[in-house]
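An overview of the molecular structure
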Amino acid sequence: MQCVRKQSRFSKAQEIRLEEESRKVAALNGQRLGLQDDYDLKFLLRGSHLLKVKSTSWRRERFYKLQEDCKTIWQESKKMLRSPESQLFSIEEIQDVRPGHKTEGMEKYAKDVPEVRCFSIIFKDQKKNLDLIAGSETEANHWVFGLRKIIAKSNSMSQRQKLQHWIHTCLRKADKNKDNKMTFKELKSFMKEVNIQMDDSYARQIFEQCDKSQTDTLEDEEIEVFYKILTERKEIDGIFSDHAGEKSVMSLEHLVRFLQQQQHEEGDGPNLALSLIEQYEPNETVKIQKSMSKDGFQMYLLSADGNVFNKAHNQVYQDMTQPLSHYYISSSHNTYLMEDQLRGPSSTEAYIRALMKGCRCVELDCWDGPNSEPVIYHGYTFTSKILFRDAIKAIKNYAFKISPYPVIISLENHCSIDQQKMMAHHLHSILKDTLLVAPIDPKGTKLPSPEQLKGKILVKGKKLTPETEEVSDEDEAAEMEDETVKSEVEKKKLSDKLKLAKELSDTVIYCKSVHFQGFAESQPPDEMCSFSEGKILKVAQESAIDLVHYNVQHLSRIYPAGWRTDSSNYNPVEMWNLGCQIVALNFQSRCSEMDIHQGQFQENGGCGYILKPEFLRNEQSKFNPRSITEGPWYSPKKFQVKIISGQQLPKVNKSKNSIVDPRVIVEIHGVQRDNRKNQTKVIDNNGFNPTWNETFEFEIDVPQLALVRFVVEDFDASTKNDFIGQFTAPFTSLKRGYRHIHLLTKSGDQYPSATLFVHINISDSC
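Quick notes on the rules
Residues numbered from 1 in each chain as written. Predicted model: local features only at pLDDT ≥ 70, side-chain atom pairs only at ≥ 80, totals over all residues. Heavy atoms only, no water. Helix = DSSP H or I, 4+ residues; strand = E, 2+ residues; numbered from the N terminus. Rg over C-alpha atoms; globule rule 2.2 N^0.38 Å. Buried < 20%, exposed > 50% of the residue type's maximum accessible area, 1.4 Å probe, protein only. Contact = heavy atoms within 4.5 Å. Areas by Shrake-Rupley, 256 points an atom, 1.4 Å probe, with all protein chains shown as cover. Lys, Arg positive; Asp, Glu negative; His and termini not counted. Charge placed at Lys NZ, Arg CZ, Asp CG, Glu CD. Domains from an automatic or database assignment. UniProt positions renumbered as here; feature names shortened; annotations may be inferred. Phe/Tyr/Trp six-rings, centres within 6.5 Å; stacked < 30°, edge-to-face > 60°. Axes fitted to C-alpha atoms, helices over the stretch in contact; angles between N-to-C directions. Parallel < 35°, antiparallel > 145°, perpendicular 65-115°, else oblique. Left-handed = near helix turned anticlockwise from the far one by under 90°. Nonpolar A, V, L, I, M, F, W, Y, C, P; charged D, E, K, R; others polar.

Some details on the overall build of the protein chain
In terms of regular secondary structure, the protein chain is built from 21 helices and 30 strands. Compactness check: the protein chain gives a C-alpha radius of gyration of 29 Å against a globular reference of 27 Å for 766 residues, within 12% of the reference. Taken over the C-alpha atoms alone, the protein chain extends approximately 95 × 75 × 50 Å along its principal axes. Buried residues in the protein chain amount to 55% of all 766 residues. For the protein chain, restricting intrachain contacts to residue pairs at least 6 apart in sequence, the fraction spanning at least 24 positions comes to 68%. On the protein chain, roughly 34,900 Å² of surface is accessible, and the fraction owed to carbon and sulfur atoms is 48%. Put simply, the protein chain has 104 plus and 109 minus side-chain charges, and the middle of one group is 4 Å from the middle of the other.

Focus: the domain arrangement of the protein chain
Split by domain assignment, the protein chain resolves into domain 1 (31–156), domain 2 (160–231), domain 3 (234–306), domain 4 (324–616) and domain 5 (637–764). When each unit is reduced to the centre of its C-alpha atoms, the spacing between domain 1 and domain 5 is 35 Å.

Here's the deal with the UniProt feature "active site" (unreviewed entry) in the protein chain
When the UniProt feature table is mapped onto this chain numbering, "active site" (unreviewed entry) sits at His333 and His378. Their sequence span is 46 residues, while the largest C-alpha to C-alpha distance among them is just 11.1 Å; these annotated residues converge on one region. Residue placement: His333 occurs in the loop between strand S10 (327–332) and helix H14 (348–356). If you trace the backbone, His378 turns up in the loop between strand S12 (375–376) and strand S13 (386–387). With a relative accessible area of 6%, His378 lands in the buried category.

What to know about the packing of aromatic side chains
Enumeration according to the criterion identifies 25 aromatic pairs in this entry. Plain terms: the ring middles of Phe519 and Tyr550 are 5.8 Å apart, the flat faces sit at 65° to each other, and that makes the pair edge-to-face. Of this pair, Phe519 sits in the loop between strand S18 (508–513) and strand S19 (527–532) while Tyr550 sits in helix H19 (residues 533–553), placing them 31 residues apart in sequence. The class of Phe519 is partly exposed, set by a relative accessible area of 30%. The interplanar angle of 90° and the centroid separation of 5.5 Å between the aromatic rings of Phe639 and Phe731 together place this pair among those described as edge-to-face. In this pair, Phe639 is assigned in strand S23 (residues 637–647) and Phe731 in the loop between strand S28 (722–730) and strand S29 (737–744), connecting sequence segments 92 residues apart. Relative accessible area serves as the criterion here: at 0%, Phe639 is assigned to the buried category.

Quick look at the packing of helix H5 (residues 159–174) against helix H6 (residues 184–193)
As a packed pair, H5 and H6 sit with axes 9 Å apart at the nearest point and diverge in direction by 135°. Taken together, the axes of H5 and H6 lie oblique to each other. In this structure, H5 meets H6 at a crossing whose hand is right-handed. Here H5 contributes Ile167, Cys170, Leu171, Lys173 and Ala174 to the contact with H6, which in turn contributes Glu186, Ser189, Phe190 and Glu193. Grouping the constituent residues of the contact of H5 with H6 by class yields five nonpolar, one polar and three charged.

Given below as structure tokens:
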């Protein structure tokens, strides 16, 4: 069926004027990004025809064009019923732009096309990749380099710049007839767009306050006045006035006092204050006076220096020279899965996404495949299959893009001898010198450190002993409660010995998989055990202190119970409290447990390794997370947090007239006695700038094991509350004073401008 083009509602003269206006807006937004006169940006604004690839037989020409806001891309659709919004996607949704055949789709369906013409847009969350073929190498480069520049520039914008860009985009969207004027009706439409339900009389009051020309429309400077009223932060203005004295600017002396007394910043106060003035003060005259204006003060509070998360923890700051067993290691379970454990798709993309989120231990369930090529899938189920060699290629390409520290490949091996030899061949031929093939120190009595293993990939798996060619099988699927799976597993148990190829056995150096036989003192440190979540909690119940001691020298891997066929997760904090290092979660599931995992591993530069507290690294430790007594771990703190306000909370219900009713929940996750939560009242119909001014107080006895999670929900009296955003961090990474919390989406990505403004105080508990 041929698409019928909608007849334009504008005359030719109006269309020319609109095109000219659109060019001006695009130029202004390009300037805001720092990309004025950029050739790639200009190309994207003109747009081009690209081939969209879905399969070997499905390639369709589509037109793609960057919109004038320089933050959304319009894609042509042949589906007549698609809404205009569904033909747009935002730059903020893009995780990466990969040139060449760097996705499964491109590998499978575009090998006949030169790599230089191919590129893929990788989206955040679980959205499918967009695989595209350009008409020439030059055209492909325009798209790849242009998109990457826009993403980089958008990410480096200050919070205020992001807010300004967003509001001006919303204003333009509300300007239905594109005359650069705003009627009262358009203003009300704009308010809903930015998530505010405003009383008509109050909206009219603001409108008339800005309408100096009394034309019953807002234009030019009047729109700027409206923008300033809208973005006014009265709570920050009040703090500024309280600390600036009688003056309109904050002197260096007053700023130093604020930083030391309110923000509890340590070190050289005057030098810190001068550096903040240099970075954030927009007024050159004020800057020369070594002072800070109200605008500069707000920009500082919205910056990384005003963040609730300690900026120093954004880089590797911990000792990385201790044995591997002294670190928590970011770990994934059934890494190949994109969805559930029974029928979901398997994909090499899942490995890439996990590694790009800082994961350092990935799992491969290996089975015999056709043409002597081993495959990966969830055994006895209907999950799709991927080639072992493709997974190893993906791991090789992405292992060290985020972190230089070692990656552990956890093998669950079900293959025949011949296909095990093929696995060993792929490990050597693809990983080459990144594969660890010999001990770092053959005479060493402890595991090597992350520092010693930088740039290396380790294999965890079964290893032959001189006495035998057979090893006991280790099959996580045996715990699954699905009836079909259970029957297959029961058959398999009749012959549960696995012949192991020497070639594959030889790739296992430090992570030799053995069954747990109790806390034998003679067990070498290079042997490690895997436990289901239920098994480890049973062991902990019987002897928590012994388990803590065991984890000082040995690695423990924990994985979800077999009944979690929906890829749900357990709470990793319980296992971390016992000193377990490789606490594997289903990365494909977005849930509070993954929020906690991401919060834990964002510190130490997001490198995937976190040094355990000293009392979990000491073999003489008497620490028992289930029964807290006096000891080095016991350092009671009083944690006081005031939830002041929220900013630009996103709509969760896409209905035009829907406005969020937000509330904030503060949760403490740590040892059992520290686990607490509290919540604010609900603010009706305001997601743009809700104000709470509510204070909560928590007692935390073991602060080194505590994490704090801030959750914002859209309250609904009749149904389950909708998730809006969250942020989780180790308690020891929180900064005191007036701080902004930059909220994350359900998939763990940062919102462009959604924040909470809080005041935090931490003191020793009496």
